[in-house]
Amino acid sequence: MSLRHAPSTSSKEKYHAENIEKVETSSQDVIDIHDEDGELLLPEHREQAERKLVRKLDFRLLPTIILIFILNYIDRTAVSSARLKGIEQDLHLTDIQYETVLAVLYASYVPAQIPSNMILNRITRYELAFRSAILYGGLLISNAFGSPNNTAWLSKAERRLAQVRLAEDAGEADEDTSSDTAYTGLKQALQDPKVYLLAFMGCSQLLGLSFVNFFPTPPWIFSTIVCCLNAWHADRTGERFFHNAAPWWGVILAYIIGVSTSSVGGRYVAMFLMASGYAGFALLLVWTSNAIPRPPAKRAAAIGIVNGFGNLGNLIGSYAWKASWGPDYHQSMFIGIASFSLSTVLALIVRHILIAQNKKLDESDAEEMTPARRQRIEDAARLEGLTFEEAAERQKGFRYLY
């Protein structure tokens, strides 16, 4: 998603303290946050309860998901090691046949992304980038999804707090209304130009990173550290463009080094920069969910489209490192430089669009109240113990992260 910056702890406490007074004098249709489910929303409990909730979600969800991705990608990356051991000679594979072995996975992987993400249409936000990076640290791929709405291992008060945090994050409830179906979400996503820009951006990134299929022993530990630090800082600052693009520029520098010298030392340093390029790609779906936050059905479809189309870059990249171009692979590196240059241009366009949309929000907070928007504001008001007017005013504070 791309939203406003998180308020400081002191401003949060002040805001909730002010709202407590409002709630106590509001109409009877507003839920009392002093009830059992709302006790963690009280200022004296809120900060500590949030930290405990996030830790519980992290410890419950991330280890299993990391393990799944490690097991998944061990098989997928083993083929590059098998190439070093002579699989092409043993199986009498031509260069094009080996490249097709790499590419065939994405023939089914790409189209499966959209329907799968239309099913998994819930997400977290301000803690998302860092936890996404941890997941990529397992194998530097994918990002973390979670739905605390109906989890038995959370108390009713914790579930309420999780829902409120999601609602606060975008000024409205993170739930689909009755009119928001998987089909309407897909239709809305296809009508948003940001989806196409992000999809092509992902495709060009993965093409530029396609060395991974031919890179048997890269410095992935260093890459994982850079990935997590970059994402942690992205969460702290709320900035997206430079945290996505800076690692790409490191890969471009690595490719320039690669085509400029055959020095072992120079190319070894370049390997570190190349592997660290995944720190940018790790935030691609984070930025997608930031740029297209609501409704969740649209966000889910957008993530599926961006991830699915983006992996065409892996398919194309399977043919970008031909054995006949080795050992220098200058042609491959020029392809990578061009790919990341295109990614940078597309990212700048997305950033410009988000800045323009924020200006539009500044100018027209009093937009037309559609039934779907009214329903989401009502849901947010119910979750947070606010009046409709207060929740509507809250929504006006929403801004995209860019």
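Residues numbered from 1 in each chain as written. Predicted model: local features only at pLDDT ≥ 70, side-chain atom pairs only at ≥ 80, totals over all residues. Heavy atoms only, no water.

Under an unreviewed UniProt entry, the name given to the protein is Major facilitator superfamily (MFS) profile domain-containing protein, and the source organism is Phlebiopsis gigantea. The heading Subcellular location (unreviewed entry) in the UniProt record of the protein holds the text "Membrane". (UniProt positions renumbered as here; feature names shortened; annotations may be inferred.)

**Student:** Any details on the overall build of the protein? Residues and values, ideally.
**Tutor:** A tally of helices and strands in the protein yields 18 helices and 0 strands. By the burial criterion, 52% of the 402 residues in the protein qualify as buried. Summed over all atoms, the accessible surface of the protein reaches about 18300 Å², with 62% contributed by carbon and sulfur. (Helix = DSSP H or I, 4+ residues; strand = E, 2+ residues; numbered from the N terminus. Buried < 20%, exposed > 50% of the residue type's maximum accessible area, 1.4 Å probe, protein only. Areas by Shrake-Rupley, 256 points an atom, 1.4 Å probe, with all protein chains shown as cover.)

**Student:** Help me get a handle on the UniProt feature "transmembrane region" (unreviewed entry) in the protein, residues and values and all.
**Tutor:** UniProt's feature table lists "transmembrane region" (unreviewed entry) at residues 218-234, 246-262, 268-288, 300-321 and 333-354, given in the numbering used throughout. Annotated as 86% helix and 0% strand, the span residues 268-288 places its first and last C-alpha atoms 33 Å apart. Helix makes up 77% of residues 300-321 and strand makes up 0%, while its end C-alpha atoms are separated by 33 Å.

**Student:** Explain the environment of Asp328 residue by residue, including any values.
**Tutor:** Mapped onto the secondary structure, Asp328 falls in the loop between helix H15 (312-317) and helix H16 (330-363). For the pair formed by Asp328 and Thr261, sequence separation is 67 residues and the distance between their alpha carbons is 9.3 Å. In this structure Asp328 touches Ser262, Arg267 and Met333, once residues within four positions along its chain are discounted. (Contact = heavy atoms within 4.5 Å.)

**Student:** So, the packing of aromatic side chains: which residues are in play, and what are the values?
**Tutor:** In this structure the tally under the stated criterion is 9 aromatic pairs. Ring centres of Phe222 and Phe272 lie 5.4 Å apart, and the angle between their planes is 70°; this geometry places the pair in the edge-to-face category. Of this pair, Phe222 sits in helix H9 (residues 220-237) while Phe272 sits in helix H11 (residues 264-276); the two residues are 50 residues apart in sequence, bridging distant segments of the chain. Centroid distance Tyr278 to Phe281: 6.4 Å. Interplanar angle 85°. Geometry classified as edge-to-face. (Phe/Tyr/Trp six-rings, centres within 6.5 Å; stacked < 30°, edge-to-face > 60°.)

**Student:** Describe in detail the nonpolar core, supporting the description with residues and values.
**Tutor:** Core analysis: the biggest nonpolar cluster contains 49 residues, and Leu198, Met201, Phe211, Tyr255 and Trp287 have the highest contact counts within it. Taken together, the elements giving at least two residues each to this core come down to helix H4 (95-119), helix H8 (193-208), helix H10 (241-260), H11, helix H12 (278-281), helix H13 (284-291), helix H14 (296-310) and H16. The biggest single contributor to this core is H16, with 8 residues. Counting residues in hydrophobic clusters, the runner-up holds 9 residues, among them Leu41, Leu57, Ala157 and Leu161. (Core = buried A, V, L, I, M, F, W, Y, C linked by side-chain atoms within 4.5 Å.)

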